[in-house]
Amino acid sequence: MSRVIVVIPTYNEIENLPLIAPKVLAQDPRIELLIVDDSSPDGTGKLADDLARQNPRVHVLHREAKEGLGPAYLAGFARSLEGGAGLIFEMDADFSHDPAYLPRLLAASELAD
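Residues numbered from 1 in each chain as written. Predicted model: local features only at pLDDT ≥ 70, side-chain atom pairs only at ≥ 80, totals over all residues. Heavy atoms only, no water.

## Details of the overall build of the chain
Helix and strand counts for the chain stand at 4 helices and 4 strands. When its helices and strands are written in sequence order, the chain yields β-α-β-α-β-α-β-α. Relative to the compact-globule value of 13 Å for 113 residues, the chain shows a C-alpha radius of gyration of 13 Å, a close match. Counting only C-alpha atoms, the chain reaches 40 × 25 × 25 Å along its principal axes. When burial is assessed residue by residue, the chain has 39% of its 113 residues classed as buried. Nonlocal contacts in the chain, meaning residues at least 24 apart in sequence, comprise 75% of its contacts between residues at least 6 apart. In the structure as shown, the chain presents an accessible area of about 6100 Å², 55% of it carried by carbon and sulfur atoms. (Helix = DSSP H or I, 4+ residues; strand = E, 2+ residues; numbered from the N terminus. Rg over C-alpha atoms; globule rule 2.2 N^0.38 Å. Buried < 20%, exposed > 50% of the residue type's maximum accessible area, 1.4 Å probe, protein only. Contact = heavy atoms within 4.5 Å. Areas by Shrake-Rupley, 256 points an atom, 1.4 Å probe, with all protein chains shown as cover.)

Take a look at the structure:
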């Protein structure tokens, strides 16, 4: 299977990011995480860099300004495709999307195009 990347945009998510990142990565060893940070003033971008240094499955895309959720997802999708992703999932950092569903989505993707 080609690369599987979960895109999580962040802006001031310093409390949620260290909680959701390990939950996402624990769902399947093929999953990589791309954090798209819009220059969070609370230090989320630095925390994302720290996570990336600790785990090669974590990647960070820094954007210079807050441009909104939609553009952040689009930037993450573009970076993922450039990096050879075959599957891209989107998730919010606040757990509004439950990482526990990722294995089901991965399994379903093997039966669909």
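## Description of the sheet that holds strand β2 (residues 31-37)
Across a sheet, strands are paired by hydrogen bonds formed along the backbone, either parallel or antiparallel in direction. The strand order across the open sheet built from 4 strands is β3-β2-β1-β4, with neighbouring strands paired in parallel fashion. Looking at strand neighbours, the two that pair on one side only are β3 (58-62) and β4 (85-90), the edges of this open sheet. Put simply, the sheet's adjacent strands are angled 25 degrees from each other on average, direction ignored. As paired elements, strand β1 (residues 3-10) and β2 share 7 bridges and run parallel to each other. Of the residues in β2, the one forming a bridge with V6 is L33. Contacts from helix α3 (residues 69-82) reach β1, β2, β3 and β4, with the element oriented near 155 degrees to β1. (Pairing = 2+ DSSP bridges. Axes fitted to C-alpha atoms, helices over the stretch in contact; angles between N-to-C directions.)

## Details of unusual backbone geometry
The phi dihedral of S39 is positive, around 55 degrees, even though this residue is not glycine. Examined against the element boundaries, S39 turns out to sit in the loop between β2 and α2 (44-54). A relative accessible area of 38% means that S39 is categorised as partly exposed. The backbone phi angle of F95 is positive, close to 70 degrees, even though this residue is not glycine. Mapped onto the secondary structure, F95 falls in the loop between β4 and α4 (102-109).

## Re the side chain of E32
The residue E32 is located in strand β2 in this model. Residue E32 is classed as buried on the basis of its relative accessible area, which comes to 12%. One polar contact links E32 to R3, side chain to side chain, over a distance of 2.5 Å. Not counting chain neighbours up to four residues away, the residues in contact with E32 comprise R3, V4, I5, V6, L25, R57 and H59. (Polar contact = N/O pair within 3.5 Å; in protein donor to acceptor, adjacent residues only side chain to side chain.)

None of the figures reported here should be taken as evidence of function without further support.
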